[in-house]
Amino acid sequence: MLTTVAGLSGQAGAADPMDASAAHGAPEMLAAATLPAMRGGDARQTAPPFAAAAAAAEPPSVPAGGTLNILFRNYRDSLTINGHGTQRGWVQGAQANFVSGLSSGQGGFGVDASLFGAVKLDGDGASGDMVHVDRDGGGGERRKAWAYMGGYAVKARYGGMLLKYGLQQVENVFLESKDNRALPPAFRGMTLTGEPAGGVGVEAGSIDAVDPRGRTGLVGLKSAYGGTPISRLSYGGVNLTSESGKVSVYAAQARDVWNQLFVAGRHSAGASEASKWTVSGAAYLTREQGAALQGPIGGKAYSVALARQLGASELAVSFQHVMSDQYLDYVQEANGLYLANGMVADYNAPREKSLQLRYTANGADFSLPGMSVILWGIAGRSKSPQQPMRAAPDAGTWRDAYWRGGAHVHGNHHELGLKASYVFDRGDIKAISLAFIALVHRGSPHYVEPSEREYRLILNVPVKVF
């Protein structure tokens, strides 16, 4: 599925979660890129393949008193698919996020709440979740403005652990909110994060619903490529961090669909931070679970990456391989693949191999602090499955995802992309960020993702109320 790019973290293989995409056979129409105040994924914002896991290693940060911040985001997108017609979306969004402090003592309690709103400036019914989407899948040409509760949660802290229940932003290797529209999605469930010991982070959660991009109400979870309902996704993981690297191990269960194991590691070495080498790797192992609603799964996939630090900039090369007859699937509305080559496309088709070359230029090297430019190119090739998915005619998107142009999914595709961003760092406009993304993807007739061209412009204006 088409994925995203936002700012890479300077780690080898950092898949910039920029979900740049279009309708391509997987049941949803993706589009690409987010910014800070987002983390980097859908332009995957800014993390290495297992960066979400790193979040669990950070002790819960809880202010003594409550805070209220508002993020104004102006989002404009123009997407052309297979050279026929252009989908346009232009939306002014606002996210008001209240985070309470916690009551005093060894333990503590609090609440969080978010109110989201948006005004459509341009876009029609073909714009999908670039604008508003009703429950029946339409509404883009009718709804001019919308507002809703974007989040609500109760929370409790004990020692270094923070437990939350409610509708919330989630960030881990199986569920990372795909924040590449005017307003982000949120997941409903329980999460636990913390650092019970120095250098050891833990994370766990159980999620049963999502408030998707472009919508104002909860829907059930589904797999992104199979379109299969998932009644609950439960996960847990451990991160071990040192000065030179990190190791992460996570496991998840999509009830009656799949069990999944994720492992990742990163190691850096060099005479200095400005000239270090970083090697990283990540892998997923997936098997069917319970009623196996998405059929038999024998999924194995991995990526390896090598990066060279050049001052504050970075040059990286990465290789990714799906070693199975099924897609490496994940949950809709999530940046759910923490492998190296998920930029515009996911490169997760059956039997697919891909190679990426990426250069991240940091403005600090060119007397332009706050400026960042990412240039990348990726080529992939997918073979016809040895044992192709054979589903009943009523299997819907699950069956359709494995067929293109009368043949099983296979073929070549490639992409080229650029993301330029600037974060102001002084005066009254400090922390305001502006990003421009331009990308092109070309695929052969039997490949799952279409040829497309996209331009995106995003302006984030954060305001601290108290």
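Our subject is the structure that appears above.
Residues numbered from 1 in each chain as written. Predicted model: local features only at pLDDT ≥ 70, side-chain atom pairs only at ≥ 80, totals over all residues. Heavy atoms only, no water.

Applying the stated rule across the entire model yields 16 salt bridges. Here Arg 188 makes a salt bridge to Asp 208, at a shortest N to O gap of 3.0 Å. Placement of the pair is Arg 188 in strand E6 (residues 186-197) and Asp 208 in strand E7 (residues 200-211), with a sequence separation of 20 residues. Several salt bridges share partner residues, and in doing so they unite Asp 129, Arg 181, Arg 213 and Glu 333 into one network. (Salt bridge = Lys/Arg side-chain N within 4 Å of Asp/Glu carboxyl O. Helix = DSSP H or I, 4+ residues; strand = E, 2+ residues; numbered from the N terminus.)

Once that is clear, we can look at the pairing of strand E11 (residues 245-254). As defined by bridge partners, strand E10 (residues 233-241) adjoins E11 across nine bridges and the pair is classed as antiparallel. Residue Ser 234 lies in a different strand from E11, and its bridge partner there is Gln 253. Across 10 bridges, E11 lies against strand E12 (residues 258-269) in antiparallel orientation. Residue pairing in the sheet places Ala 254 in a bridge with Trp 258 of E12. Turn length for the E11-E12 hairpin, with the two strands adjacent in sequence and antiparallel, is three residues, and the turn residue Asp 256 shows positive phi of about 65 degrees. (Pairing = 2+ DSSP bridges.)

On to the side chain of Thr 80, then. Following the sequence through the fold, Thr 80 ends up in strand E1 (residues 67-81). One polar contact links Thr 80 to Thr 86, side chain to side chain, over a distance of 2.9 Å. Residues in contact with Thr 80, not counting those within four places in the same chain, are Gly 85, Thr 86, Ser 451, Glu 452 and Arg 453. (Polar contact = N/O pair within 3.5 Å; in protein donor to acceptor, adjacent residues only side chain to side chain. Contact = heavy atoms within 4.5 Å.)

Another aspect to go through is the nonpolar core. If you look at soluble globular proteins, the nonpolar side chains tend to sit buried side by side. Of all hydrophobic cores here, the largest spans 39 residues; its most connected members are Phe 174, Leu 175, Phe 187, Leu 221, Phe 262, Tyr 284 and Tyr 327. Among the elements of the structure, E7, E10, E11, E12 and strand E13 (277-288) are those that each provide at least two residues to this core. Judged by nonpolar contacts, the second largest core, of 13 residues, contains Tyr 75, Leu 79, Ala 118 and Ala 182. (Core = buried A, V, L, I, M, F, W, Y, C linked by side-chain atoms within 4.5 Å. Buried < 20%, exposed > 50% of the residue type's maximum accessible area, 1.4 Å probe, protein only.)

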